[in-house]
Amino acid sequence: MTSSRDHDETVIAMIRDDPEFAAEYLRIAFEELDEEGGDAGFLAALRHVVEARGGLALIAERTGIPRESLRRALSPKGNPTLKTMRQVVHATGLTFAAIA
């Protein structure tokens, strides 16, 4: 019997195993922001990086943003401010300059 894991788990593991992949993954999602659905794609990519870099609770602690507020902001229907996204990106150890 072959075991499998879902797409999200696979991407999170790849990000966790290869720190340079995290920046490249977000860079590609950032480039696609202007496309239809690009904002949801960027938030999904950012959620993956958050999970790979310690999870929502740790990133919330590092940013000073309440965990539930951060969860809503990064949800598929979230609408985070630029300030929130910057704080989250920095809390994962990346910068917008690295992904732009």
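In the block above lies the structure referred to throughout.
Residues numbered from 1 in each chain as written. Predicted model: local features only at pLDDT ≥ 70, side-chain atom pairs only at ≥ 80, totals over all residues. Heavy atoms only, no water.

J.: How would you sum up the overall build of the chain? Please name residues and give values.
T.: Helix and strand counts for the chain come out as 7 helices and 0 strands. Secondary structure elements in the chain, listed N-terminal to C-terminal, are α-α-α-α-α-α-α. For 100 residues, the compact-globule estimate of 2.2 N^0.38 gives 13 Å, and the C-alpha radius of gyration of the chain, at 13 Å, lies within 12% of that figure. Each principal axis of the C-alpha distribution contributes one length, and for the chain these read about 45 × 30 × 25 Å. Counting across all 100 residues of the chain, residues that qualify as buried make up 39%. (Helix = DSSP H or I, 4+ residues; strand = E, 2+ residues; numbered from the N terminus. Rg over C-alpha atoms; globule rule 2.2 N^0.38 Å. Buried < 20%, exposed > 50% of the residue type's maximum accessible area, 1.4 Å probe, protein only.)

J.: Give a detailed account of the pattern of salt bridges, specifying residues and quantitative values.
T.: Enumeration over the complete set of coordinates arrives at 4 salt bridges. Note that E31 is salt-bridged to R27, the shortest N-O span being 2.3 Å. Taken together, the residues E31 and R27, both in helix α2 (residues 19–31) and 4 residues apart, mark about one turn of the helix. The class of R27 is partly exposed, set by a relative accessible area of 21%. The shortest N-O distance in the salt bridge between R72 and E68 comes to 3.8 Å. On the criterion of helical spacing, the pair formed by R72 and E68 is a turn pair, its members being 4 residues apart in helix α5 (residues 67–73). Salt bridges linked by common partners bring E24, R27 and E31 together as one network. (Salt bridge = Lys/Arg side-chain N within 4 Å of Asp/Glu carboxyl O.)

J.: Can you explain the layout of surface pockets? Please cite residues and give values.
T.: Space inside the largest pocket adds up to approximately 170 Å³. Forming the walls of the largest pocket are D8, I12, A44, R47, H48, V50, E51, L56, R71, L74 and S75. Every element with two or more residues in the lining of the largest pocket is listed here: α1 (7–17) and α3 (38–52). If you tally residues by element for the lining of the largest pocket, the top one is α3, at 5 residues. (1 Å grid on protein atoms, 1.4 Å probe; cavity = no way out; pocket = protein on both sides within 12 Å on 5 of 7 lines; lining within 4 Å. Points joined across faces, edges and corners; volume = space filled by probe spheres on them.)

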